[in-house]
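# A structural walkthrough
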Amino acid sequence: MIARPSSRQLLETVRTELRTTIKHAVADADALARLDMIDSILGSVIARSDDEVAWLREEIAAIERAGDAVLAHGADGAGQVAAALATLRANRATSYRLPDLHAEYNLAGEVLSRALEAGSRAGGRLRCTVEEVLEARLRREVLIRGEFSLAGRI
Amino acid sequence: MSDLAARLEAFLSRRLPDADTISVTDCVPLQGGYSRLMTRFTAHIDGVPRTLVLRADAVDSAAPIETDRVREWELLAALTRQGGAPMPDALYSDEDGHELGSKSIVLDYVEGGPFLSLVRASDDTALPAHADALCELAADVQAVDTAVLPAAVERPADWHSYLDELITQWRRVEAELSESIPMLRYVGAWLERNRPPEAPLGLVHGEFQPGNIMIGPHGRLVAVDWEFAHIGDPREDLGWATWVEAIQPPALIGRDPVAFCARYRARTGLSEEIINPLTVAYFSILPAIRVFAGLLRTQQNYVTGTNTDLRTAFLFNANITAFEGWFNATRQLEAAKQPSAVSA
């Protein structure tokens, strides 16, 4: 396969062309709004393209540590976090394909959800520990999103 | 003549059997919304022109947010019959879409233009007056007599059960999705821990923000797009407007929330315990699930490939903006409730 130029480089070329040549040739308000939406989507795809696998792996590891912290604090009353952790660990991605990794990440998301609820009940340092994982996830989502406004709003 | 104009002529002729002549001209799509198709047109009824608006579902069912047009029509028709509600009159409906191609409502056109355009074109010195006008409109909505609303509009048993249900929605919506969304579970738990004081229930527009407001006769503001209207907590509208102005500046409530709340209290008679910047901030989060539930379900269809709409794809980034706003609001509210913040 042709690995270089990277997907990021190619997408940046497309985005630049749409922002300059194409956009200036369009007068229809609805089409311009759609071009703004396409630009926003392309920006997010570009932000993900080089680092997505590494980011997913980092977040899964951080979520597992947060889940383990809930268990270590004895804050998993009904065993919900332990069950989600067990499901995650029994269903690791078995290939390098992104859809497989996304499935694993989704299972990790359930661990984080349950850990957040357990942390909310427990309060104190445990709550902070778990919410820091959510906050880091949010920071990355914001980085991927970039600037955002509602395209087409008059 | 366009196909739509011909359909509208036939549609109006069936509803106005006493008119000798009806023609439709100047069909112009209106920009601004994501969920419904809006078209301005001129109906010439026995030679007298009248500008109207067609509000229709997308024919391809690809709208990012699905809502019930029949329920919206029943509510708007009831408010129109009562009179006095801050909205354009709702005139006719095609409840099953067989006449106009999709479920549709025909409303009076509001001549004054979009409030959002006016606000954006204004300099800073004009913003306080716009904030006052927004406050007046919010109070007008809250003042509507809910007894006239149709049976299709749910009546909560009381405020506590209403709030329970709304908080539960945060968990329930997430549980229905194939993707785990930890932010929804975090927010649900946070909302439960930080309940505000009880408020009297009333009419809530449900998507109250300058983009859904027009400048009506004599400069009075009127609200449009009532698809999320319901009986609920009046702070929902104030909170939703607060959230939207964070991504759609300039801020009208946020520029001086203390003054805005004071004016709203003076108009409605509600107490400072009920209406203050902290309770409004709580409601900048809580009711968002009403709008986001539909969006998240549609986005799930995008993930599975049954929806390929560009707007739906674009609005994934709106989720992140919402997550950011909710998370920051929870942190700011907790900081504001700390004893040192209160005494400062």
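Look up: the structure comes first, before these words.
Residues numbered from 1 in each chain as written. Chains lettered and ligands numbered in written order. Predicted model: local features only at pLDDT ≥ 70, side-chain atom pairs only at ≥ 80, totals over all residues.

### Description of the overall build of chain B
Within chain B, the regular secondary structure consists of 13 helices and 9 strands. Rg of the C-alpha trace for chain B: 21 Å, near the compact-globule value of 20 Å for 344 residues, within the 12% margin. Based on the C-alpha atoms only, the size of chain B along its principal axes is roughly 75 × 50 × 40 Å. Taking all contacts inside chain B whose residues are at least 6 apart in sequence as the whole, residues at least 24 apart take part in 67%. (Helix = DSSP H or I, 4+ residues; strand = E, 2+ residues; numbered from the N terminus. Rg over C-alpha atoms; globule rule 2.2 N^0.38 Å. Contact = placed C-beta atoms within 7 Å.)

### Some details on the overall build of chain A
Assigned secondary structure in chain A consists of 6 helices and 0 strands. Helices (α) and strands (β) of chain A occur, in sequence order from the N terminus, as α-α-α-α-α-α. In terms of overall dimensions, chain A has a C-alpha envelope of 60 × 45 × 20 Å along the principal axes. Nonlocal contacts in chain A, meaning residues at least 24 apart in sequence, comprise 67% of its contacts between residues at least 6 apart.

### Details of unusual backbone geometry
A cis geometry characterises the amide bond from A:Arg4 onward to A:Pro5, with omega recorded as 10°. Along the chain, A:Pro5 falls in the segment before helix H1 (7–24). Following B:Pro249, the chain continues into B:Pro250 via a peptide bond in cis, with omega recorded as 10°. Examined against the element boundaries, B:Pro250 turns out to sit in the loop between helix H7 (235–247) and helix H8 (257–268). Notably, B:His218 is not glycine yet its phi reads approximately 60°, a positive angle. Relative to the helices and strands, B:His218 is located in the loop between strand E7 (213–215) and strand E8 (221–223). C-beta crowding within 10 Å serves as the criterion here: with 6 such atoms nearby, B:His218 is assigned to the exposed category. The backbone phi angle of B:Asp225 is positive, close to 60°, even though this residue is not glycine. Within the secondary structure, B:Asp225 sits in the loop between E8 and strand E9 (230–232). (Buried ≥ 20, exposed ≤ 12 C-beta atoms within 10 Å, placed from the backbone.)

### Considering the nonpolar core
A:Val111, A:Leu112, A:Ala115, B:Ala138, B:Met183, B:Val187 and B:Ala223 are the most contacted members of the largest nonpolar core, which has 114 residues in total. If one sorts the elements of this core by residue count, helix H5 (residues 98–122) of chain A sits on top with 8 residues. For B:Met183, the contacting residues outside a window of four places in its chain are A:Leu134, B:Phe323, B:Trp326 and B:Phe327. (Core = buried A, V, L, I, M, F, W, Y, C linked by C-beta atoms within 7 Å.)

### Describing the interface of chain B and chain A
Each side of the interface is counted separately: chain B has 27 residues, and chain A has 28 residues. No other element matches helix H6 (residues 182–193) of chain B, which puts 7 residues into the side of chain B that touches chain A. Taken together, the residues of the side of chain B that touches chain A sort by class into 14 nonpolar, 8 polar and 5 charged. (Nonpolar A, V, L, I, M, F, W, Y, C, P; charged D, E, K, R; others polar.)

### Considering the pairing of strand E2 (residues 37–45) of chain B
Residues and elements named next belong to chain B. Across 7 bridges, strand E1 (residues 22–30) lies against E2 in antiparallel orientation. Considered in E2, the bridge of Val28 is made with Arg40. Relative to strand E3 (residues 48–56), E2 runs antiparallel, the two sharing 9 bridges. Its bridge partner being in E3, Thr39 is matched across the sheet by Leu54. Counting the residues between successive antiparallel strands, the hairpin from E2 to E3 contains 2 residues, one of them, Asp46, with a positive phi of roughly 50°. (Pairing = 2+ DSSP bridges.)

### Regarding the pairing of strand E5 (residues 104–108) of chain B
Successive side chains on a regular strand alternate, one facing one side of the sheet and the next facing the other. All names here are of chain B. Judged by how many residues are buried, E5 sits mostly within the fold: 4 of 5 residues are covered. Across 5 bridges, the pairing between E3 and E5 is antiparallel. Across the sheet, Arg55 pairs through a bridge with Ile105, a residue of E5. Pairing of strand E4 (residues 90–94) with E5 involves 4 bridges; the strand directions are antiparallel.

### Brief notes about the sheet that holds E1(B)
All names here are of chain B. Judged by pairing direction, the sheet is antiparallel, and its 5 strands sit side by side in the order E1-E2-E3-E5-E4 without closing on themselves. Looking at the sheet topology across the chains shown, the edges are occupied by E1 and E4. In this sheet, neighbouring strand axes are inclined to one another by 25° on average, regardless of whether the strands run parallel or antiparallel. Sitting on the sheet, helix H1 (residues 3–15) is in contact with E1, E2, E3 and E4, with an inclination near 125° to E1. Most of the contacts of helix H2 (residues 69–82) go to E4, to which it runs at about 155°, and overall it touches E4 and E5. (Axes fitted to C-alpha atoms, helices over the stretch in contact; angles between N-to-C directions.)

### Overview of the packing of H6(B) against helix H12 (residues 316–337) of chain B
All names here are of chain B. Where H6 meets H12, the closest approach of the two axes is 11 Å, and the angle between their N-to-C directions is 30°. Taken as axis vectors, H6 and H12 run roughly parallel relative to one another. Between H6 and H12 the crossing geometry is left-handed. For the pair H6 and H12, contact is made by Met183, Val187 and Trp190 and by Phe323, Trp326, Phe327 and Thr330, respectively. Looking at the contact of H6 with H12 residue by residue, the class counts come to 6 nonpolar, 1 polar and no charged. (Parallel < 35°, antiparallel > 145°, perpendicular 65-115°, else oblique. Left-handed = near helix turned anticlockwise from the far one by under 90°.)

### Re H12(B)
Under the 1.5 Å per step criterion, the end-to-end length of H12(B) is 32 Å for 22 residues, consistent within 8% with the ideal 32 Å. Of the positions making up H12(B), those classed as buried are B:Asn317, B:Ala318, B:Ile320, B:Ala322, B:Phe323, B:Trp326, B:Phe327, B:Ala329 and B:Thr330. If you follow the buried residues of H12(B), they end up packed against helix H2 (29–49) and helix H6 (124–145) of chain A together with H6, helix H9 (277–283), helix H10 (288–304) and helix H11 (310–314) of chain B. (Expected span 1.5 Å × (residues − 1).)

### Digging into the environment of A:Arg89
Within the element layout of this structure, A:Arg89 appears in helix H4 (residues 80–90). Sequence separation between A:Arg89 and A:Ala122 is 33 residues, and the spatial gap between their C-alpha atoms is 25 Å.

### A word on the packing of helix H5 (residues 159–176) of chain B against H6(B)
Residues and elements named next belong to chain B. Two elements in contact, H5 and H6, have axes separated by 8 Å at closest approach and are oriented at 160°. One element, H5, and the other, H6, form an angle in the roughly antiparallel class. Of the two possible hands of crossing, H5 and H6 adopt the one that is left-handed. Taken together, the residues of H6 that come into contact with H5 (itself represented by Ile167, Trp170, Arg171, Val173 and Glu174) are Leu184, Arg185, Val187, Gly188, Leu191 and Glu192.

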